[in-house]
Amino acid sequence: MKKYLIIASLFVINISFSQNQKNEEKLNEIQQKTFVDLVNILCEDIGKKHTYINKLKVFKMIDEEESSVTTYKYLSQDYNFFISILNEYNGLRFNSPNSFLYDVIVSKGTFKEVHKEGGTSFLVYELLGNSFLINFNTDNKGRKHYLIDTYCMQ
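Along each chain, the written sequence defines residue order, and numbers are assigned to residues from 1. Local features in this predicted model are restricted to residues whose pLDDT is 70 or higher, and side-chain atom pairs enter the listing and the counts only when it is 80 or higher, whereas totals over whole chains, interfaces and linings include all residues. Side-chain numbers here rest on the full set of heavy atoms in the structure, without hydrogens or water.

Right, let's get into the pairing of strand E2 (residues 69-74). Taken across its 6 residues, E2 has 6 buried, putting it largely inside the fold. The classification of residues rests on relative accessible area computed with a 1.4 Å probe and restricted to protein chains. Under 20% of the type maximum is buried, over 50% is exposed, and intermediate values are partly exposed. The secondary structure listing takes helices from DSSP runs of H or I that are at least 4 residues long and strands from runs of E that are at least 2 residues long, numbered from the N terminus. Residues Val69, Thr71 and Lys73 point to one face of E2 and Thr70, Tyr72 and Tyr74 to the other, with burial holding for every one of them. Two strands are said to pair when DSSP picks up at least two bridges between them. Looking at chain direction, strand E1 (residues 59-65) and E2 are connected through 6 bridges and run antiparallel. Along E2, the bridge assignment pairs Glu65 with Val69. When E2 meets strand E3 (residues 82-86), the two strands line up antiparallel, connected through 5 bridges. Across the sheet, the residue bridging to Thr71 is Ser84, located in E3.

If you want it as structure tokens, here you go:
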């Protein structure tokens, strides 16, 4: 009987691990599509970025700081993936709990410099004609967050 309980427990753990992998893959797909599409319209009207995010129906606006920043959160409870539209600077910030976008930029991009903003250092990478300021930090619960900023330079 004990042997069957162990096997059943392993089966449940395996199913849970498979589900987590599927959720991670789905998040990677959403991040990649959203990232590419938003970077493609980076220098267009701010309203177009808001319209694009709203049409996806997988993000919810959670914060609007006057007219300077609007933040959207991915609707899944499993991931704290955020996109901020930096209205004042015509830019974007991606804040993700996984390193997918960060890793793509580091592996495919070209390192340019270290940029310091206050007490924070960002690595500047160039990829497909765009500059990206990337960084990661750890919150008070020990979770990593990968930050990617990009701005329209036209």
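Let's pick the thread back up.
Attention now goes to the layout of surface pockets. We place a 1 Å grid over just the protein atoms. Points where a 1.4 Å probe fits but has no way out form a cavity, open points with protein on both sides within 12 Å along at least 5 of 7 lines form a pocket, and any residue with an atom within 4 Å of a point lines it. Grid points are joined across faces, edges and corners, and a volume is the space filled by probe spheres set on the points. Of the voids in this model, the largest pocket is the one considered here, and its volume is about 270 Å³. Around the largest pocket sit 14 residues that line it, and Phe35, Val36, Val104, Leu127 and Leu128 are the ones nearest its centre. At the level of secondary structure, the elements contributing two or more residues to the lining of the largest pocket comprise helix H1 (2-40), helix H3 (100-108) and strand E7 (130-138). Three classes are used, and their members are as follows: Ala, Val, Leu, Ile, Met, Phe, Trp, Tyr, Cys and Pro are nonpolar, Asp, Glu, Lys and Arg are charged, and the others, Gly among them, are polar. Residue classes in the lining of the largest pocket are distributed as 10 nonpolar, 3 polar and 1 charged.

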